[in-house]
Amino acid sequence: MHIKIYDAVVIGAGSAGIAAAVAAARNGARTALVEAGPSLGGELLTGMTIDGAINARGEWIIGGVVGDLLDLCRKLGGFVAPLNDWRLIHYVAYDPEIMKIAIPQLVFGAGVDVHLNTFATDVVRDGNRVAGVIVRNKNGNTLLTASAFVDASGDADLCSMAGGTMLPHEGMDNPQPVSMMFRMAGVDAEPLLDFVRAHPEHVAVGESDAIRGGRTDAEIVEEIYRQGQPCVFFRGDGPLLSKAIARGEMYPTALIMIQPTCPPRKEVCINSTRVSLKDPLAPAELSGALRTLVEQVHRCSAFLVGNVPGFAHATLSGLAPRVGIRESRRIEGDHVLTRDDVLEARKREDGVAKGCHHVDIHQAGTGQIRIPVAGGGSYDIPLGSLLPKDIDNVVVAGRCLSASRDAHGSARVMGSCLAMGQAAGTLVALARRQNGPDLRSVGSARLRNTLREQGAILDGTA
Ligand SMILES: Cc1cc2nc3c(=O)[nH]c(=O)nc-3n(C[C@H](O)[C@H](O)[C@H](O)COP(=O)(O)OP(=O)(O)OC[C@H]3O[C@@H](n4cnc5c(N)ncnc54)[C@H](O)[C@@H]3O)c2cc1C
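Model, not experiment: these values are computed from the prediction.

A. Up close: the domain arrangement of the protein chain. Examined at the domain level, the protein chain breaks down into domain 1 (2-171 + 329-453) and domain 2 (182-319). One C-alpha centre belongs to domain 1, the other to domain 2, and the line joining them spans 28 Å. Listed per partner, the contact involves 29 residues of domain 1 and 31 residues of domain 2. Of all elements in the fold, only strand 5 (79-84) and strand 19 (368-371) reach the threshold of two or more residues within the side of domain 1 that touches domain 2. The leading source of residues in the side of domain 1 that touches domain 2 is strand 5, at four residues.

Below you can see the structure in the form of structure tokens.
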């Protein structure tokens, strides 16, 4: 078997993994980024907005690597805007085609050694440490050794292979549905916004007091109109969509979420499709879902063209490169982030990343739990939620963090994943500098200082 020696190995190149790899490399660690798929960025390439970066009061709550990534998008002409959804959150819209250029620029620019089409298949364990990860690609197996590892696989593959403890799947008889994001170009914002202004009953608005700010529904749709962007959420229980579901034209869904990706192409990203699986990690189930999801994409786009002003001349312009999984494994770490941590906007002295997204749990059919964070504020994600309790030199980042199911329903969004990634990569690099594989010896205070110096936002927000 080939052997490659690094200081840091990051498994998974979604939002969390790219931020972790960049942070580790910038802090002096020789870093490998291992990605099973053919591209860097995961869901960042689908066109979905970055949630969890700006709280419902409009304050940025994360910075650092995410700021650099968005600056690159801006320079390349692919930054749309921070927008208010006038429902629950503020989010960041960008062009995913430009993001496909910005991410490699950021990652290669930091000096990361990228391994695409390479799957982590096993680990070599040495007591409480992982000594190496075995990866497989068309060249066969390679052992990647490092003093520490970041599990940013989304599914906690590395921790699972290392025998780490996973949290019980409470409420996971029905994991959140899988979805296929898609994009449509040629959408005219003006007629769409006129329609919404005339029919507030069709759209989801003002679900958080911080966003509503005492406005009536009619006043809120006026704000959506004034914002001037195709940023509209048609409700599954509103007259337009519920009737289409009842007559079988649309499949049961909680919302059709429409968000801008590229004003010159008049393009929007649409989040609506859904298939409930018993186990999203079972290849047969996931593969079977693809068939239904692409059929739903076809139905939803036809429904919009046929029924929603502004879509008359729109065409399908892109499908996500993969079926999107919202939840699978979560590790048990030193701290389990709780529902109260999230909903009460708790701040902590050992916080190394932040979140602000509502508890957002999609359910089968038309169901979805949406509970806003108190006061439209943000909560801290402690270092302990990233440290698997039984492994010394692995840190997780992203949606496999140690969190209750409800807390995960908030922290899973890409803003929080990017912030966790920066914290995880920086931690590994700091541990290496003090010549120790034990990540706990770095301490949250030292990590927080370095993160602050490098642009992360840890203090001073609601
Ligand atoms: C349909 C859908 C809509 C969503 N909408 C939004 C939204 O609007 N805004 C928002 O902010 N968030 C949204 N989310 C949530 C968010 O996209 C994800 O939770 C987030 O991207 C997770 O990032 P991650 O880096 O933890 O994991 P992932 O993005 O899943 O990345 C993990 C990466 O690891 C790789 N990998 C996995 N196992 C291995 C292995 N063994 N070896 C090598 N590589 C491996 C995978 O190929 C993948 O690229 C949505 C999610 C879905 C599914």
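B. Structural context of the site of the ligand. In the vicinity of the ligand lie 38 residues, with Gly 12, Gly 14, Gly 154, Gly 324 and Gly 398 positioned nearest. Sorting the residues of the shell around the ligand by element identifies helix 1 (15-26), strand 4 (50-54), strand 8 (119-126) and helix 12 (414-433) as the ones contributing at least two each. Tallied by class, the residues present in the shell around the ligand amount to 15 nonpolar, 15 polar and eight charged.

C. Fine view of the sheet that holds strand 13 (residues 232-235). The strand order 13-14-15-12-16 describes an open sheet built from five strands, whose pairing is antiparallel. What marks the edges here is a single partner per strand, and that holds for strand 13 and strand 16 (315-319). Each strand of the sheet is rotated relative to its neighbour by a mean of 25°, with strand direction disregarded. As paired strands, strand 12 (residues 182-185) and strand 15 (residues 267-271) are joined by three bridges and run antiparallel to one another. Along strand 15, the bridge assignment pairs Met 184 with Val 268.

D. Quick look at the nonpolar core. Counting residues in hydrophobic clusters, the biggest one holds 159 residues, and the most contacted among them are Val 10 and Val 428. Looking at this core, the element that brings in the most residues is helix 12, giving 12 residues. No fewer than three residues from each of domain 1 (2-171 + 329-453) and domain 2 (182-319) sit in this core. Excluding its chain neighbours within four sequence positions, the residues that come into contact with Val 428 are Ala 8, Ala 24, Ala 29, Ala 148, Val 150, Val 395 and Leu 439.

E. Structural context of the pairing of strand 20 (residues 379-382). The side-chain alternation of strand 20 yields two buried faces, one formed by Tyr 379 and Ile 381 and the other by Asp 380 and Pro 382. For strand 17 (residues 351-355) and strand 20, the ladder comprises four bridges, and the chain directions are antiparallel. Its bridge partner being in strand 20, Ala 353 is matched across the sheet by Ile 381.

F. Structural view of the sheet that holds strand 9 (residues 129-137). Here four strands make up an open sheet; going across it, the order is 1-10-9-8 and the pairing mixed. Of all the strands in the sheet, just strand 1 (2-5) and strand 8 have a single pairing partner and so form its edges. Shown here is a sheet whose adjacent strand axes are inclined to one another by a mean of 25°, direction ignored. Bridge count for strand 9 against strand 10 (residues 140-145) is six bridges, and the pairing is antiparallel. Paired with Gly 132 across the bridge in strand 10 is Thr 145.

Conventions and cut-offs
Residues numbered from 1 in each chain as written. Predicted model: local features only at pLDDT ≥ 70, side-chain atom pairs only at ≥ 80, totals over all residues. Domains from an automatic or database assignment. Contact = placed C-beta atoms within 7 Å. Helix = DSSP H or I, 4+ residues; strand = E, 2+ residues; numbered from the N terminus. Near = placed C-beta within 6 Å. Nonpolar A, V, L, I, M, F, W, Y, C, P; charged D, E, K, R; others polar. Pairing = 2+ DSSP bridges. Axes fitted to C-alpha atoms, helices over the stretch in contact; angles between N-to-C directions. Core = buried A, V, L, I, M, F, W, Y, C linked by C-beta atoms within 7 Å. Buried ≥ 20, exposed ≤ 12 C-beta atoms within 10 Å, placed from the backbone.

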